[in-house]
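# Descriptive analysis of the structure
Given next are the chains, with one letter for each unit.
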Amino acid sequence: MKIPIDVIPERAGHLGVVEIPACDQRTLPGVVSQRACVLYGARWMLAPVRNVIHLIHGPVGCAYYSETVRKKRYRVFSTALDEKDIVFGAGQKLETAIRESLSLRPGSSAVLVYTTCAAGLIGEDVPAICKRVSAALGLPVVPVNCPGFCGVSQGDGHDAAAAALLEHFIGRGPAGPPLENSVNILGEFDVQGDLKEIEQLLQRLGLNLICAVSGRATVENMARAHRARLNIVHCGRTGRWLARKMEERFGIPWRKVSFFGLAEAAAALQAIAAFFNRPREAAWVEKEAEAARQRALPYLRRLAGRRVALFFGASRMGSMARAFGELGMEVVLCGSQFGCREDYAESRRCLGQGTLMIDDAHQRELEEFLHRYRPDLLVGGTREKFMAHKIGIPFLVFPQETSPYAGFNGFVNLAREVAALVGAPVWRLMIPANLVEPPARREGPAGGDSAAVKTVGDGKGGNEDGTNL
Amino acid sequence: MQLKEIPITGIPYDQIKIEKVPATPEYCERPADLIPSTNRAVVVNPNRTCMPLGAMWAVLGIRKAVPFVQGAQGCTTYVRYTFCRIFREPATIATASFHEDAAVFGGRRNLVEGIRNLVVRYWPELIGVVTTCSSEIIGDDMVSFIKMARANLRKEIGPEKADQIPIVLVNTPSFAGSHVDGYDRASRAFVETLATAKGEPNGKVNIIPGLLYPGDIREIKHLLRHMGIEATVLFDISDTLDAPLKPPTSVPYYPPGGTTVEEIKDMANSLATFALQPHAGQAGARYLERKYGVRAVVGQPPVGVQGTDAFLKALRDITGKPVPDSLLQERGRLIDSLADTFHHTMMKKVAIMGDPDIVLGVTRFVLEMGMEPVALAGGTASKTFVHDVEAILAEAGYEGEPPLIINGGDLFEFEEYLKKQPRLDLIIGNSRAVDISRELQVPLVRVGFPIYDRFGYQKRAIVGYRGGEVLLAEIVNSILGHQYPDDRTQQL
Ligand code: SF4
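Residues numbered from 1 in each chain as written. Chains lettered and ligands numbered in written order. Predicted model: local features only at pLDDT ≥ 70, side-chain atom pairs only at ≥ 80, totals over all residues. Heavy atoms only, no water.

## Points about the packing of aromatic side chains
All names here are of chain B. Applying the stated criterion across every chain yields a total of 19 aromatic pairs over all chains. Ring centres 5.3 Å apart and planes at 80 degrees place the aromatic pair tyrosine 183 and phenylalanine 235 in the edge-to-face group. With tyrosine 183 in helix H8 (residues 179-194) and phenylalanine 235 in the loop between strand S7 (231-233) and helix H10 (237-240), the pair connects residues that are 52 residues apart, well separated along the chain. Of the two residues, tyrosine 183 and phenylalanine 235, neither departs from the other in class, the shared state being buried. Relative to phenylalanine 311, the ring of phenylalanine 274 has its centre 5.4 Å away and its plane inclined at 85 degrees; by these criteria the two rings are edge-to-face. Residue phenylalanine 274 is located in strand S8 (residues 272-275), and its partner phenylalanine 311 is located in helix H13 (residues 304-319); the two are separated by 37 residues in the primary sequence. Residue classification places phenylalanine 274 among the buried positions, given a relative accessible area of 2%. (Phe/Tyr/Trp six-rings, centres within 6.5 Å; stacked < 30°, edge-to-face > 60°. Helix = DSSP H or I, 4+ residues; strand = E, 2+ residues; numbered from the N terminus. Buried < 20%, exposed > 50% of the residue type's maximum accessible area, 1.4 Å probe, protein only.)

## Regarding the confidence of the model for chain B
The share of residues in chain B with pLDDT of 70 or more is 92%, and the mean pLDDT across the chain is 92. Scored as a complex, the prediction yields pTM 0.92 and ipTM 0.90. (pLDDT = per-residue confidence, 0-100.)

## What about the environment of Gln73(B)?
Locating Gln73(B) in the fold gives a position in helix H2 (residues 73-87). Sequence separation of Gln73(B) and Glu395(B) is 322 residues, and the distance between their C-alpha atoms is 47 Å. Every residue in contact with Gln73(B), bar those within four places of it in the chain, is listed here: Thr27(A), Arg35(A), Ala36(A), Cys37(A), Val152(A), Ser153(A), Thr95(B), Ser97(B) and His99(B). Among the polar contacts made by the side chain of Gln73(B), one reaches the side chain of Thr27(A) at a distance of 2.8 Å. (Contact = heavy atoms within 4.5 Å. Polar contact = N/O pair within 3.5 Å; in protein donor to acceptor, adjacent residues only side chain to side chain.)

## With respect to the sheet that holds strand S13 (residues 426-429) of chain B
All names here are of chain B. The parallel open sheet is built from five strands, whose spatial order is S12-S11-S10-S13-S14. A single partner strand is all that each edge strand has here, and the edge strands are strand S12 (404-407) and strand S14 (444-446). Between one strand axis and the next, the sheet turns by 15 degrees as a mean value, whatever way the strands run. Judged from the three bridges that link them, strand S10 (residues 349-354) and S13 form a sheet pairing that is parallel. Residue valine 350 lies in a different strand from S13, and its bridge partner there is leucine 426. (Pairing = 2+ DSSP bridges. Axes fitted to C-alpha atoms, helices over the stretch in contact; angles between N-to-C directions.)

## A short note on the interface of chain A and chain B
Contacts between the two partners involve 87 residues from chain A and, on the opposite side, 79 residues from chain B. The junction of chain A with chain B conceals about 7100 Å² of combined surface from both sides, 62% of it contributed by carbon and sulfur atoms. Sorting the residues of chain A by area buried against chain B places Tyr64(A), Tyr65(A) and Lys390(A) first, and these three jointly supply 13% of that buried surface. One salt bridge in this structure joins Glu89(B) and Lys390(A), with 3.1 Å as the shortest N-O distance. Linking chain A to chain B there are 29 residue pairs in polar contact (both at pLDDT 80 or more). (Buried area = accessible area lost by both parts, 1.4 Å probe. Salt bridge = Lys/Arg side-chain N within 4 Å of Asp/Glu carboxyl O.)

## Digging into the domain arrangement of chain B
When the parts come together, some accessible area is lost, and that loss is often what is quoted as the size of the interface. Residues and elements named next belong to chain B. Per the domain assignment, the segments making up chain B are domain 1 (15-38 + 327-489), domain 2 (51-194) and domain 3 (205-324). Across the contact, nine residues belong to domain 1 and eleven residues belong to domain 2. Inspection of the region where domain 1 meets domain 2 yields zero salt bridges. Our enumeration of links across domain 1 and domain 2 arrives at four residue pairs in polar contact (both at pLDDT 80 or more). Taken together, the residues of the side of domain 1 that touches domain 2 sort by class into five nonpolar, two polar and two charged. (Domains from an automatic or database assignment. Nonpolar A, V, L, I, M, F, W, Y, C, P; charged D, E, K, R; others polar.)

## Thoughts on the domain arrangement of chain A
All names here are of chain A. Structurally, chain A comprises domain 1 (38-151) and domain 2 (182-285). On a C-alpha basis, the centres of domain 1 and domain 2 stand 30 Å from each other. Every contact between the two is made by ten residues of domain 1 and, on the other side, eleven residues of domain 2. When domain 1 packs against domain 2, the two sides together hide about 840 Å² of surface, and 68% of this comes from carbon and sulfur. Linking domain 1 to domain 2 there are zero salt bridges. At the boundary of domain 1 with domain 2, the tally comes to two residue pairs in polar contact (both at pLDDT 80 or more). Considering every element that reaches the side of domain 1 that touches domain 2, the biggest residue donor is helix H1 (residues 38-46), with three residues. Looking at side-chain class alone, the side of domain 1 that touches domain 2 contains seven nonpolar, one polar and two charged residues.

## A word on the pattern of salt bridges
All names here are of chain A. For the structure on display, the rule yields 56 salt bridges over all chains. The closest approach of N and O atoms between glutamate 365 and arginine 11, which form a salt bridge, is 2.8 Å. Here glutamate 365 is found in helix H15 (residues 363-373), whereas its partner arginine 11 is found in the segment before strand S1 (15-16), with 354 residues between them in sequence. Between arginine 364 and glutamate 368 there is a salt bridge, with its nearest N and O atoms 2.5 Å apart. In this pair, arginine 364 and glutamate 368 both sit in helix H15, four residues apart, roughly one turn of the helix. Its relative accessible area of 0% is what places arginine 364 among the buried residues.

## A few points about the site of the ligand
Lining the immediate surroundings of the ligand are Cys37(A), Leu39(A), Cys62(A), Thr116(A), Cys117(A), Gly148(A), Ala72(B), Gly74(B), Cys75(B), Tyr78(B) and Cys133(B). More than one chain reaches the ligand: the nearby residues come from chains A and B. Counting residues per element, the shell around the ligand draws most heavily on H2(B), which supplies three residues. Among the residues forming the shell around the ligand, the class breakdown is eight nonpolar, three polar and no charged. (Near = heavy atom within 4 Å.)

## A word on the side chain of Asn184(A)
Residue and element names in this part refer to chain A. In this fold, asparagine 184 is placed in strand S8 (residues 182-188). The class of asparagine 184 is buried, set by a relative accessible area of 0%. A polar contact of 2.9 Å, which involves the side chain of asparagine 184, links it to the side chain of asparagine 231. Filtering out sequence-adjacent residues up to four positions away, asparagine 184 remains in contact with Leu209, Ile210, Cys211, Ala225, Ala228, Leu230, Asn231, Ile232 and Met246.

## Focus: unusual backbone geometry
Between Phe398(A) and the following residue, Pro399(A), the backbone shows a cis peptide bond with an omega angle of 5 degrees. When you line up the elements, Pro399(A) lands in the loop between strand S16 (395-397) and helix H17 (407-422). Despite not being glycine, Asn277(A) has its phi angle at roughly 60 degrees, a positive value. The topology assignment puts Asn277(A) in the loop between helix H11 (262-275) and helix H12 (283-303). Although it is not a glycine, Phe235(B) adopts a positive phi angle of roughly 55 degrees.

## Re helix H4 (residues 91-104) of chain A
Residues and elements named next belong to chain A. If you check H4, its first and last C-alpha atoms are 20 Å apart, about what 14 residues at 1.5 Å a residue would give, namely 20 Å. For H4, the buried fraction is high: ten of the 14 residues fall into the buried class. Where H4 is concerned, the buried positions are Gly91, Lys93, Leu94, Glu95, Ala97, Ile98, Glu100, Ser101, Leu102 and Leu104. (Expected span 1.5 Å × (residues − 1).)

Put into structure tokens, the structure is as follows:
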């Protein structure tokens with residue numbers, strides 16, 4: 001099948017309507033990439049870890065930006081490298097900075113030292129310094145190896161972060177028998193109360209949460225994490241690796257589930273209940289799911305047949321595609337910044353052939369997609385939002401900014417909010433119908449390539465342009 | 001604390017002492033020797049970010065220009081994210097996508113291929129190449145890389161098309177200076193690369209606004225229009241970063257507006273260059289003066305009465321055009337507002353933080369309101385900041401307790417100092433002071449870069465007389481809102 005949007009030849013393999021796109025590769029230089037750096041990925045994963053000092057070993061900018069994770073600001077410390085440090089080395093400075101941070105925030109239980117491009121390039125032996133200081137201070141000083149360029153995307157930062165957690169925090173407490181009825185959640189970041197929704201559901205199954213990496217992770221609860229009976233992997237990219245390692249090391253089995261969407265959440269709870277051998281306790285699950293569906297019904301009616309395009313970080317693709325399917329929407333694009341084969345394969349399984357998948361789409365490709373397909377909604381991150389708006393496409397930011405989307409209540413929230421966004425009056429008001437003649441459709445080159453100037457139809461999200469599949 | 005819990009009648013509000021408890025439970029006394037940032041290696045809550053951001057900001061003010069960042073993806077993504085949050089606009093910035101190989105072998109391939117990819121996907125009218133800590137440490141020879149990129153481009157798309165796209169290099173090693181310096185360097189790089197003398201004066205003035213918001217630039221243009229002066233605004237983000245939602249749009253999307261390459265070329269022939277924020281723009285103005293004899297007017301930003309007066313006076317002196325009555329009316333309205341609200345602002349203790357020029361401009365304005373500065377934190381270390389503050393205080397005849405002046409440094413120092421103050425009524429600064437204002441339980445009036453936690457600040461002006469009124473109103477209302485927290489009607 002033909003790829004329905006124009007791309008430069010090097011990118012062709014990264015798009016597909018039948019197959020799984022090529023992935024896990026470097027970004028082409030010179031494009032407006034939606035990907036971020038390895039430090040970003042490490043911060044994404046580690047920022048919520050409480051009671052520890054987060055020290056960024058790099059220029060002031062890296063620290064300034066990486067304070068903010070999922071729109072929340074965390075306090076970080078930094079060495080703010082300057083010219084002198086670049087020329088003469090910054091090992092001593094790092095050591096001093098670690099000690100000073102601790103006297104500014106006494107009572108912290110560990111120090112996480114993040115490396116950056118500059119730190120990586122001047123070639124400091126950060127692990128050795130950390131080891132030395134750690135021995136002298138008697139508390140974990142943990143290097144996180146995440147110079148921005150050391151990987152293809154933020155995904156490698158997730159891995160570096162997971163490695164640091166596993167090496168230095170998880171299961172560090174005294175060995176002991178598994179704690180009955182206790183679980184960990186890996187790859188859950190507690191966006192807008194998601195974790196609470198999930199926890200409530202688990203509690204109804206009679207399960208206790210030891211720790212959630214990293215939405216609710218402290219040095220103390222990670223140290224006990226090895227005594228869980230089961231690891232629940234929520235976000236695959238950030239959780240799967242950790243789950244495998246914990247299985248090797250502590251023999252904890254794991255299940256990859258998703259709590260987004262009614263069917264998925266119900267299946268997740270039933271799988272967990274089955275693991276703990278209490279199928280009867282899961283009886284309420286079906287009922288609860290049905291009740292939520294009833295509550296969501298008025299919104300589902302408004303969404304039936306609407307077309308949605310999804311562009312995520314990585315592994316939420318598949319499960320979110322299913323959740324949007326449950327909303328009655330047609331998924332016309334499923335893309336990600338740094339998904340891996342497993343992620344794309346899963347999405348393909350649930351979407352079937354014919355849906356466009358893009359790996360590492362950059363801004364220009366997304367733009368063109370929006371013009372050609374004119375979906376009723378684009379779901380993605382803040383960086384895509386304002387471009388979609390300029391083209392006249394409603395947008396949902398994910399990770400969400402308003403209420404929890406996980407679990408049964410979360411699904412109702414999702415339905416309500418998506419219905420509101422798609423039906424927002426502004427998209428009707430966008431064209432000043434009474435003031436000027438309706439815009440004429442023009443065709444012509446926008447530049448040297450084959451992209452044509454597209455008009456946007458009647459503002460109702462019509463899909464005249466989406467037919468050239 | 002609810003005011004109705006205080007059973008005192010007959011005592012004016014400002015004499016009721018509301019005890020302030022730190023908002024954070026784990027509050028603890030910090031070791032005194034570690035409070036001044038000069039005593040520390042560690043930086044907490046910096047009041048500045050790195051150079052490339054300033055340069056990217058500048059490039060986005062050029063018509064159909066795309067910044068190309070020679071570094072790893074994060075440097076671009078983080079800045080795009082910052083701009084998105086501040087301006088709520090798409091920010092088209094290309095990345096060279098450095099990976100391990102670039103760190104070892106240098107970024108030549110990334111630049112040469114990157115420029116080509118950028119051109120065939122975007123057909124920009126200008127490319128601003130912005131370096132980062134990585135490329136500067138690796139030691140990329142950017143000048144010759146750009147030559148190679150151009151040669152490659154000529155091969156691929158033909159010499160005519162290739163030569164139509166100017167490529168301007170801005171060196172911004174992130175480990176030195178700050179975003180303010182990045183903008184400053186961009187101002188010089190652009191005029192140095194593009195400006196050309198025609199021998200004929202064009203009768204215009206050049207304005208280098210510095211890191212001012214779209215609303216501010218529109219206000220500057222309003223002043224110029226009323227003065228009847230034609231001007232070139234360099235890095236004019238007033239439309240590019242505050243664009244209407246008005247489909248249809250073209251593919252690829254470019255916002256309307258921006259300074260054109262032709263206008264920048266012609267800057268060599270203007271009457272004068274105004275750098276409205278000396279720390280961000282002075283370099284460009286000075287270069288034009290040295291090279292082409294275009295007079296550089298480097299003053300404080302036109303904030304408040306005296307700030308705007310000075311700007312208009314300089315415009316009048318240079319162009320010979322009188323200040324029209326319409327602007328004097330605006331001035332009169334600001335003066336009227338100052339008189340009417342003076343009893344609310346006088347003797348109020350204020351702390352100001354942000355980029356040095358914003359701090360200077362606002363300090364001068366709050367002194368006009370009779371406020372008393374307690375601490376002034378300019379995030380970018382500057383040779384002139386301390387001296388400028390002293391001059392402003394002397395000009396106002398300020399006799400109160402001298403404020404703490406932080407030149408560079410970080411906000412931890414600022415916060416700890418404020419905690420020790422017996423009284424503080426107001427903080428003026430950007431969103432990075434939100435936590436501090438919450439901790440100290442004083443209101444924050446938002447000005448300057450960055451403001452990401454409120455909507456609309458990028459669209460309004462604080463410069464000029466009308467901007468002064470907006471800022472004054474916000475200051476007064478914040479004081480009122482905070483000091484009269486119940487719903488009793490307080491007649492102004
Ligand atoms: S310098 Fe490197 S680590 Fe820092 S923000 Fe840029 S890409 Fe990320």
